[in-house]
Amino acid sequence: MCSVEVLIPDFLGDRESLQIVMDAKPDILNHNIETVERLSDKVRAKAKYKRSLELLARAKEMQPNIPTKSSIMLGVGEEYNEILSTMDDLRAVNCDIMTIGQYLQPSEKHLYVEKYYPPEEFAALKQEGLKRGFSHVESGPMVRSSYHAHEQVKSATKHAEQAATHA
């Protein structure tokens, strides 16, 4: 079986563009928050932290049964408590899946890596995400938003089925 995940921009807040995507009923809607709120302007050229959260919230309002997903890259100066706050912000808009990976500087023109996280810290963050209610968390130095996507779909589907059974 094949599933479709779409990775979308924030559409600069345009609701109609998001509605078109949601009406297509992808299996997973992915919009990456990228970093913690304090560093958002530094890391993201045009996207805004709050606008990303609003987009994820609106997507759930439009199609509550479509799992939403977001990703964060670590190593650009965030504090541990800010990572946890970002998880909380994503769960507050019912984001289902989270991926957490290490930022790697693609060229000398890009932001420097301020910290390389060891695998143990990624493992601890995965547990924190699961405790917060994400249906699936991928967390590791080489994780990117599509990492083990087939497992993410399975987890999100199983989680949704369990929720429907208990409703």
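Located above this text is the structure these notes cover.
Here goes a summary of the coordinates provided. (Residues numbered from 1 in each chain as written. Predicted model: local features only at pLDDT ≥ 70, side-chain atom pairs only at ≥ 80, totals over all residues. Heavy atoms only, no water.)

**Description of the side chain of His31**
For the record, the criterion: The secondary structure listing takes helices from DSSP runs of H or I that are at least 4 residues long and strands from runs of E that are at least 2 residues long, numbered from the N terminus. Polar contact is defined as a pair of N or O atoms within 3.5 Å, subject to the rule that within protein one atom must be able to donate a hydrogen and the other to accept it, and that residues adjacent in sequence are counted only when both atoms are side-chain atoms.
Tracing the backbone shows His31 in the loop between strand S2 (28–30) and helix H2 (40–43). There is a polar contact of 2.8 Å between the side chain of His31 and the backbone oxygen of Ile8. Among the polar contacts made by the side chain of His31, one reaches the side chain of Ser52 at a distance of 2.7 Å.

**Some remarks on the packing of aromatic side chains**
Note the following rule: Pairing of aromatic rings covers Phe, Tyr and the six-membered ring of Trp, with a centre-to-centre limit of 6.5 Å; geometry is then stacked below 30 degrees between planes, edge-to-face above 60, and tilted otherwise. A ring is considered to have a charge above it if a Lys NZ or an Arg CZ atom is located within 6 Å of its centre and within 35 degrees of its normal.
As enumerated under the stated definition, the model contains 1 aromatic pair in all. Note that Arg91 overlies the ring of Phe134, its terminal NZ or CZ placed 5.6 Å from the centroid. Lying across the ring of Tyr117, Lys115 places its NZ or CZ 4.2 Å from the centre.

**Points about the nonpolar core**
Where we set the bar: Residues belong to a common nonpolar core when they are buried Ala, Val, Leu, Ile, Met, Phe, Trp, Tyr or Cys residues joined through side-chain atoms within 4.5 Å. Between buried and exposed lies partly exposed: a residue is buried under 20% and exposed over 50% of the maximum accessible area for its type, with that area taken using a 1.4 Å probe on protein chains only. The contact criterion used is simple: two residues touch if any of their non-hydrogen atoms lie within 4.5 Å.
Ranked by size, the top nonpolar core spans 33 residues in total, and within it Leu74, Met87, Leu90 and Ile100 carry the most contacts. Elements with a contribution of two residues or more to this core: helix H1 (15–23), helix H3 (49–62), strand S3 (68–74), helix H4 (80–92), strand S4 (97–102) and helix H5 (119–131). Ranked by residues supplied to this core, first place goes to H3 with 5 residues. When neighbours within four sequence positions are excluded, Leu90 is seen to be in contact with Ile33, Leu53, Leu56, Ser70, Cys95, Met98 and Phe134.

**Quick word on unusual backbone geometry**
Its identity is not glycine, yet Phe11 carries a phi of approximately 55°, on the positive side. Within the fold, Phe11 resides in the loop between strand S1 (5–7) and H1. Positive phi values are uncommon outside glycine, yet Asn94 reaches one of about 60°. With respect to the helices and strands, the residue Asn94 is situated in the loop between H4 and S4.

**A closer look at the sheet that holds S1**
Sheet strands line up and pair through hydrogen bonds in the backbone, either parallel or antiparallel. What counts here: Pairing between strands is defined by DSSP: at least two bridges between the two strands are required. To obtain each axis, a line is fitted to C-alpha atoms, and for helices this fit is confined to the stretch in contact; angles are then taken between N-to-C directions over 0 to 180 degrees.
Reading across from one edge, S1-S2-S3-S4-S5 is the order of the 5 strands in this open sheet, with parallel pairing throughout. What marks the edges here is a single partner per strand, and that holds for S1 and strand S5 (136–139). Strand-to-strand twist of the sheet, defined as the mean angle between neighbouring strand axes without regard to direction, takes the value 20°. Taken together, the 6 bridges between S3 and S4 define a ladder with parallel strand orientation. Paired with Met73 across the bridge in S4 is Gly101. Its contacts with the sheet put H3 on S2 and S3, and the angle it makes with S3 is roughly 160°.

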